[in-house]
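One letter stands for each residue in the lines below.
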Amino acid sequence: MRAVVQTVSRASVTVDDEVVGEIGNGLLVLLGVTHADTPQVAATMARKIHELRILDDEKSAADTGAPILLVSQFTLYGDARKGRRPSWTAAAPAEKAEPLVTAVVEALRQRGATVETGRFRAHMLVESINAGPRTLLLNL
């Protein structure tokens, strides 16, 4: 599982001209799932995201209550080492990925996080205003 975590002053996801997820100061998380991922990996990723000390004064979303906008993004497993056309073979198929993305969201909420999401398998417009900017790549 991979996640790109960014500190934002605001972020939103729009699908078919409808805002489906929106936050103020918090974290924008782009989440990719690969074939070997499990519910245990999802739980670990949720903990890492929630406790990541990336906010001001080395605080985490767990410390501050900062909201999280989590967007599924299979392209995090794209491989463009050969040629110009990326291969997506490392990304888990939707049937495997969707329940694991949902598991991360549910684990974050069980930890007390406020979580907004995009819409799985939809063409999404993701807007964000990076704050800091601070961006981390988490690999599990």
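Values in this document were obtained by computation on a predicted structure and should not be read as measured data. (Residues numbered from 1 in each chain as written. Predicted model: local features only at pLDDT ≥ 70, side-chain atom pairs only at ≥ 80, totals over all residues. Heavy atoms only, no water.)

Enquirer: How would you explain the overall build of the chain if you had to name every residue and give the values?
Expert: Along the chain, the regular secondary structure elements total three helices and six strands. Along the chain, helices (α) and strands (β) appear in the sequence β-β-β-α-α-β-α-β-β when read from the amino end. In terms of overall dimensions, the chain is globule-like: its C-alpha atoms have a radius of gyration of 14 Å, near the 14 Å expected for 140 residues. Each principal axis of the C-alpha distribution contributes one length, and for the chain these read about 40 × 35 × 25 Å. Sequence-distant contacts in the chain: of pairs separated by 6 or more residues, those separated by 24 or more amount to 76%. Only carbon and sulfur atoms are counted for the fraction: they give 47% of the accessible area of the chain, which is about 7,900 Å². Positive and negative side-chain charges of the chain, numbering 16 and 16 respectively, have mean locations separated by a distance of 9 Å. (Helix = DSSP H or I, 4+ residues; strand = E, 2+ residues; numbered from the N terminus. Rg over C-alpha atoms; globule rule 2.2 N^0.38 Å. Contact = heavy atoms within 4.5 Å. Areas by Shrake-Rupley, 256 points an atom, 1.4 Å probe, with all protein chains shown as cover. Lys, Arg positive; Asp, Glu negative; His and termini not counted. Charge placed at Lys NZ, Arg CZ, Asp CG, Glu CD.)

Enquirer: Give a detailed account of the environment of Ser72, specifying residues and quantitative values.
Expert: Mapped onto the fold, Ser72 is located in strand β4 (residues 68–72). By relative accessible area, which is 22% here, Ser72 ends up partly exposed. Taking the C-alpha atoms as reference points, Ser72 and Leu52, 20 residues apart in sequence, are found 19 Å from one another. Beyond its immediate stretch of four places on either side in the chain, Ser72 contacts Leu31, Val101, Phe120 and Met124. (Buried < 20%, exposed > 50% of the residue type's maximum accessible area, 1.4 Å probe, protein only.)

Enquirer: Which residues make up the nonpolar core, and what values do they have?
Expert: Looking at soluble globular proteins, one finds that nonpolar side chains tend to be buried together. Within the largest apolar cluster, 29 residues are counted, with the highest numbers of intra-cluster contacts made by Ile49, Leu70, Val104 and Leu108. Secondary structure elements with two or more residues in this core: β1 (2–15), β3 (26–32), α1 (39–51), β4 and α3 (94–110). For this core, the element with the highest residue contribution is α3, accounting for seven residues. Dropping the residues within four chain positions of it, Val104 is found in contact with Met1, Leu31, Ala42, Ala46, Ile49 and Leu70. Val4, Val20, Leu28 and Val71 belong to the second-largest nonpolar core, a separate cluster that totals 13 residues. (Core = buried A, V, L, I, M, F, W, Y, C linked by side-chain atoms within 4.5 Å.)

Enquirer: Please set out the pattern of salt bridges residue by residue, giving values where relevant.
Expert: Tallied over the full model, the rule gives seven salt bridges. Among the ionic pairs, Arg119 bridges to Glu18, the shortest N-O distance being 3.9 Å. Of the two residues, Arg119 sits in the loop between β5 (115–117) and β6 (125–139) while Glu18 sits in strand β2 (residues 18–23), which places them 101 residues apart along the sequence. Classification of Arg119 by relative accessible area gives partly exposed; the value is 37%. As a salt-bridge pair, Asp56 and Arg134 come within 2.9 Å of each other at their nearest N and O atoms. Taken as a pair, Asp56 in the loop between α1 and α2 (61–64) and Arg134 in strand β6 lie far apart in primary sequence, 78 residues in all. Residue classification places Asp56 among the exposed positions, given a relative accessible area of 51%. (Salt bridge = Lys/Arg side-chain N within 4 Å of Asp/Glu carboxyl O.)

Enquirer: Please set out the side chain of Ser12 residue by residue, giving values where relevant.
Expert: Along the chain, the position of Ser12 falls in strand β1. Dropping the residues within four chain positions of it, Ser12 is found in contact with Val19, Gly21, Glu22, Leu69, Leu125, Val126 and Glu127.

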